[in-house]
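Structural features, examined
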Amino acid sequence: MFGYVIVNKAEMKYKEFDVYHSYYCGLCHALKKYYGRTGQISLSYDMTFVLMLLTSLYEPEETTEYRRCLPHPVGKHAAVTSEVTEYVADMNILLTYLKAQDDWKDEKKVTALTLEKFLGRGERRINDKYRKKVDTIFKLMRQIAAEEKNGQTDIDTMAGLFGSVMAEIVAMKDDEWEEILRRLGYYLGKFIYLMDAYEDIEEDIKKNNYNPLKDRYQNPEFEDDMHTILTMMIAECCKAFEQLPIIEHVDILRNILYSGVWCRYQIVREKREKEKEHE
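Below is a short write-up of the structure. Here the residue index of a chain counts from 1 through its sequence in written order. Given that this is a predicted model, residues contribute local features only at a pLDDT of at least 70 and side-chain atom pairs are listed and counted only at 80 or more, while totals for whole chains, interfaces and linings are drawn from all residues. Only hydrogens and water are removed before side-chain values are computed, so all heavy atoms of the structure are retained for them.

**A word on the packing of helix H1 (residues 14–40) against helix H10 (residues 250–258)**
Definition in use: In this description, a line fitted to the C-alpha atoms serves as the axis of each element, helices being fitted only across the stretch in contact, and the angle between N-to-C directions of two axes falls anywhere from 0 to 180 degrees. Working definition: helices are DSSP H or I runs of at least four residues, strands are E runs of at least two. Numbering for both runs from the N terminus. Working rule for angles: under 35 degrees goes down as roughly parallel, over 145 as roughly antiparallel, 65 to 115 as roughly perpendicular, anything else as oblique. By definition, residues are in contact when any of their heavy atoms lie within 4.5 Å.
Two elements in contact, H1 and H10, have axes whose closest approach is 10 Å; the angle formed by their N-to-C orientations is 85°. Viewed along their axes, H1 and H10 adopt a mutual orientation that is roughly perpendicular. Here Glu16, Val19 and Tyr20 of H1 lie close against H10, whose contacting residues are Asp251, Ile252 and Ile256.

Spelled out as C-alpha cells, the structure:
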C-alpha cells in the first residue's frame, strides 16, 4: 500500500531473501484465496513486515507449499502461511479498502471506486471477525479525513492518528505483548505517514492536494528537519522491537527496521537534491 517498510536486499544473504520472499508469496496466496485476484492487488511490503514480525513472535504452526504464479511462472517457489497470514491478509484488505474510499472521495479516481466496490465484500467479512478492531480503525480514519478537510498542519496530530491505526493492526492479540506491539506499530505508522507526505510534497503542492508538510517545505532546513523527525520515529519503533523476545528471522526484521525503511527515503532525497542543482 505504501511500500516504505521494505528489505535492503543489498545487505541480505540470498537465503534470507528467499525466506522473506516465502512470506511475501504466502501473503499473496492468502489474499487470492480469501479475496480473489482483486485482493492480490493490495499486496504490500509493509504488511509483509507485519506478517513476519507477528509470525516470529508467536511462532504459529506453518504450512509451506511450492507454487507457480503469474509473476514467477518459470519455477515453483515457497509460500509460507499460517493463522497469522490470514489475519494480516484481512488487515491488508481493510487498509486498502479504506484507502480506496479516501482516494475516491478526494480525487474521484474511477479505479479507486472500482477497487472499493470489489473489496467492500471483503470488508463485510472482516467486520464479522474483528468488529471492535474495525470500529476503532474506521473511527481513526474518519478523524484523519476530517482533519485533512480542515487543513490540519500539526504533523504530530496527523501522523499520530495513522500511528494509532497501525498500532491497532500490529496488536494482533490481547496478551502480554500487546503494549509493546502497539508502541511499535504506533511509531511505525507515524514514520509511514510522514514518509508518504515527504515523498508526495511537491506533487501535492502542484495539484493543491492536502499535505501537512506544505508550510514547512519552503523552510531552508526542511530536508534536515524531516530526516531528524523520521529518525526519531523509527528509533522509537526499533526500541520497542528490541523488547520483544524474537529469535527467528530477527536478522531479516532488523534489516528492514534499521536499513530497509531508508531505501525509498534516500532515493527521494537524492532525486530532489539533483533537481534543485539543475534549477
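So much for the structure itself; the text now carries on.
**Some thoughts on unusual backbone geometry**
Quick note on the threshold: Burial here depends on accessible area, computed with a 1.4 Å probe over protein chains only, as a share of the maximum for the residue type. Under 20% is buried, over 50% is exposed, and the range in between is partly exposed.
Positive phi, close to 50°, is recorded for Glu59, a residue that is not glycine. Summarising the element assignment, Glu59 is placed in the loop between helix H2 (45–58) and strand S1 (63–67). Positive phi, normally seen in glycine, also occurs at Asn208, with a value near 60°. For Asn208, the position within the fold is in the loop between helix H7 (178–207) and helix H8 (214–217). Take Asn208: its relative accessible area is 63%, and that puts it in the exposed class.

**Quick look at the nonpolar core**
What counts is decided by this rule: Nonpolar cores are built from buried Ala, Val, Leu, Ile, Met, Phe, Trp, Tyr and Cys residues. Side-chain atoms within 4.5 Å join them into one set.
Phe49, Leu53, Leu54 and Val88 are the most contacted members of the largest nonpolar core, which has 88 residues in total. If you tally residues by element for this core, the top one is H7, at 13 residues.

**What to know about the environment of Asp154**
Under the convention used in this document: Here a polar contact is recorded for every N or O atom pair within 3.5 Å, except that within protein the pair must consist of a potential hydrogen donor and a potential acceptor, and residues adjacent in sequence are included only if both atoms are side-chain atoms.
Locating Asp154 in the fold gives a position in the loop between helix H5 (131–149) and helix H6 (155–170). Under the relative-accessibility criterion, Asp154 is labelled partly exposed at 37%. Sequence-wise, Asp154 and Pro212 are 58 residues apart; in three dimensions their C-alpha atoms are separated by 6.9 Å. From its side chain, Asp154 meets the backbone nitrogen of Thr157 in a polar contact 2.8 Å long.

**Observations regarding the side chain of Asn8**
Inspection of the secondary structure assignment puts Asn8 in the segment before H1. A relative accessible area of 13% means that Asn8 is categorised as buried. Beyond its immediate sequence surroundings of up to four residues, Asn8 is in contact with Asn255, Ser259, Gly260 and Cys263.

**Focus: the side chain of Thr85**
For Thr85, the position within the fold is in helix H3 (residues 83–107). Among residues more than four places away in sequence, those in contact with Thr85 are Gly26, Leu27, Ala30, Leu51 and Val80.

**Details of the state of the cysteines**
Condition: Here, the term disulfide refers to a pair of cysteine sulfur atoms separated by no more than 2.5 Å.
Under the counting rule described, the total for this entry stands at zero disulfides. Take Cys237: it sits in no disulfide, and the sulfur closest to it among the cysteines is that of Cys238, at 5.6 Å. Residue classification places Cys238 among the buried residues on the basis of a relative accessible area of 7%.

**Here's the deal with the pattern of salt bridges**
Filter applied, for reference: The salt bridge definition used is simple: a Lys or Arg side-chain nitrogen within 4 Å of an Asp or Glu carboxyl oxygen.
Tallying each qualifying case throughout the model produces 17 salt bridges. Here Asp135 ties to Arg131 by a salt bridge, and the two come within 3.3 Å at their closest N and O atoms. Here the residue Asp135 and the residue Arg131 both occupy positions in helix H5, the gap between them amounting to four residues, near one helical turn. For the salt bridge of Arg269 with Glu273, the shortest nitrogen-to-oxygen distance reads 3.0 Å. With Arg269 and Glu273 both in helix H11 (residues 263–277) and four residues apart, the pair spans about one turn of that helix. Here the salt bridges share partners, and the residues they tie into one network are Glu202, Glu223, Asp224, Arg269, Arg272 and Glu273.

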